[in-house]
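Structural features, examined
Now for the letters of each chain:
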Amino acid sequence: MDYKTVLTVCPYCGCGCGMYLEVMDGKVTGTLPSMNHPISEGSLCIKGWNAHEPVHSPKRLTKPLVKKDGKLTEASWDEAIGKVASELTRVRDQYGPNSVAVLTSAKCTNEENYLMMKLTRAVIGTNNIDHCARL
Amino acid sequence: MEELKKKAKQALDEGKIDGFLGLKLEGGEVSPFFVTKDNLAELEKLTAPDGRYSLGKILTRIAVKNPGKNIGVMVRGCDERAIIELVKASQLGTVKVEQYGVACNAKTAEKCNCPQPFPSHIDFGEKAPGVEHIELLTRLEGLTPEARLDYWLGQFSKCIKCYGCRNICPVCYCKECTLEDKNLVPGGIVPPATPVFHFIKAMHMADRCIDCGLCEETCPSNIPLRTIYRHMRKAMHDLFEYVPGRAAEDKSPLGALEEGGRLVH
């Protein structure tokens, strides 16, 4: 017999709407808008209202998947990141830096987006960087 | 508020209630919270703030998981009316509800445009006078049907189909919602099918809407939803003298048959 609400920020776009996740007996069961939040003033969009749904979904990915022989196979983080790095290096070396583009996220922090920009411009060597809000 | 805290604490201590649902103010944010014997100290945060939530709706979720328990709830006028409707619709199961009445102050009553900002029994607060701004309703009722439809089609075109009005509504409890019926409301289109989407909700609200105004408060597009539902409430009153949320004994005329000129349930 346990019900509580946890104040958080909507995980989707960059607006930063305030919301509460409802937790019942240890499971996230619902979302409520924060009614006097200075940004969202009690409103949410359909994504925010359903933000709790993926939390306990059995379909949720918990391990990285790497394609092997045309099939997605569970892999370790080291293996997955190693694969991404080696493939990006191969594509860049073979077709030039402008063959790579990077799409970051509006929900990341400024600092994360700054680092992504550094990686794209200084390491990969292209100006092809944008964020999801301009998709 | 201290007295209400004491009353709730005593009831929890004595086992009169197994849990207490109320509102708290923490870090400038108002939220619902639930206190049992395990987190009794939390009760200190109980407050009657400006912000509101559908405590009745949260109560239905707690009730499903905890049959047979006694639950205390802090109720404002609107919460009490919602609970009356939820009891009528058997949404609280075998849970026994103990109500702790809180009267809203004049500022909250004005903000909520609330005609009855107090419950029948008050444990905290002074009765503030009711407020009823119906200028928009009066203006719209004076228009021709065509002009009125034009007005609403314009309003509904702003809808982003967030389902917020349904989600926050204390008396929207159906497991299967007509608003998600793909035959009536085709998916993937914003604004949703107009005016069907909003008028389905309005028809379903006719004998249920307790005029809390949370739908309008949460609407990201500022659609004056409450004006439609108030019109429906008025129609129910004029036709059947039925007011949702007034008394648990009242039966909805929409669930009745007419026999020999009178309604039979």
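Definitions and cut-offs
Residues numbered from 1 in each chain as written. Chains lettered and ligands numbered in written order. Predicted model: local features only at pLDDT ≥ 70, side-chain atom pairs only at ≥ 80, totals over all residues. Helix = DSSP H or I, 4+ residues; strand = E, 2+ residues; numbered from the N terminus. Buried ≥ 20, exposed ≤ 12 C-beta atoms within 10 Å, placed from the backbone. Contact = placed C-beta atoms within 7 Å. Pairing = 2+ DSSP bridges. Axes fitted to C-alpha atoms, helices over the stretch in contact; angles between N-to-C directions. Domains from an automatic or database assignment. Nonpolar A, V, L, I, M, F, W, Y, C, P; charged D, E, K, R; others polar. Parallel < 35°, antiparallel > 145°, perpendicular 65-115°, else oblique.

**Quick look at the environment of Pro220 of chain B**
For Pro220 of chain B, the location among the structural elements is in the loop between helix H9 (214-218) and helix H10 (225-240). You can call Pro220 of chain B buried: it has 20 C-beta atoms within 10 Å. Placed 60 residues apart in sequence, Pro220 of chain B and Ile160 of chain B show a C-alpha to C-alpha distance of 7.9 Å. When neighbours within four sequence positions are excluded, Pro220 of chain B is seen to be in contact with Ser43 and Cys45 of chain A together with Ile160, Cys162 and Gly164 of chain B.

**Thoughts on the sheet that holds strand S1 (residues 3-9) of chain A**
Residue and element names in this part refer to chain A. Taken together, three strands build an open sheet; the order of strands is S1-S2-S3 and the sheet is antiparallel. Edge positions in the sheet fall to S1 and strand S3 (27-33), since each of these pairs with one other strand and no more. Taking each pair of neighbouring strands and ignoring which way they run, the sheet shows an average axis angle of 30 degrees. Across six bridges, strand S2 (residues 18-24) lies against S3 in antiparallel orientation. Counted as the bridge partner of Glu22 is Gly30 from S3.

**Side note on the domain arrangement of chain B**
All names here are of chain B. You can read the domains of chain B as domain 1 (2-112) and domain 2 (135-258). Each of domain 1 and domain 2 was reduced to a C-alpha centroid, and the two centroids are 26 Å apart. Among the secondary structure elements, those contributing two or more residues to the side of domain 1 that touches domain 2 are helix H2 (55-65) and helix H3 (77-88). Top contributing element to the side of domain 1 that touches domain 2 by residue count: H3, with eight residues. Its residues placed into classes, the side of domain 1 that touches domain 2 shows seven nonpolar, four polar and five charged.

**Quick word on the interface of chain B and chain A**
Where interface size is given, it is often the accessible area lost as the parts come together that is meant. Each partner contributes to the interface: chain B provides 28 residues, whereas chain A provides 20 residues. The set of elements that each furnish at least two residues to the side of chain B that touches chain A consists of strand S2 (29-35), H2, helix H7 (164-168) and H9 of chain B. The element best represented in the side of chain B that touches chain A is S2 of chain B, accounting for six residues. When the residues that make up the side of chain B that touches chain A are grouped by side-chain class, the tally is eleven nonpolar, eight polar and nine charged.

**With respect to the packing of H2 of chain B against H3 of chain B**
All names here are of chain B. Where H2 contacts H3, the two axes come as close as 8 Å, and the packing angle between them is 40 degrees. Judged by the inter-axis angle, H2 sits oblique to H3. Every residue of H3 that contacts H2 at Leu55, Gly56 and Thr60 is listed here: Asp79, Ala82, Ile83 and Leu86. Of the residues assigned to the contact of H2 with H3, the class counts are four nonpolar, two polar and one charged.

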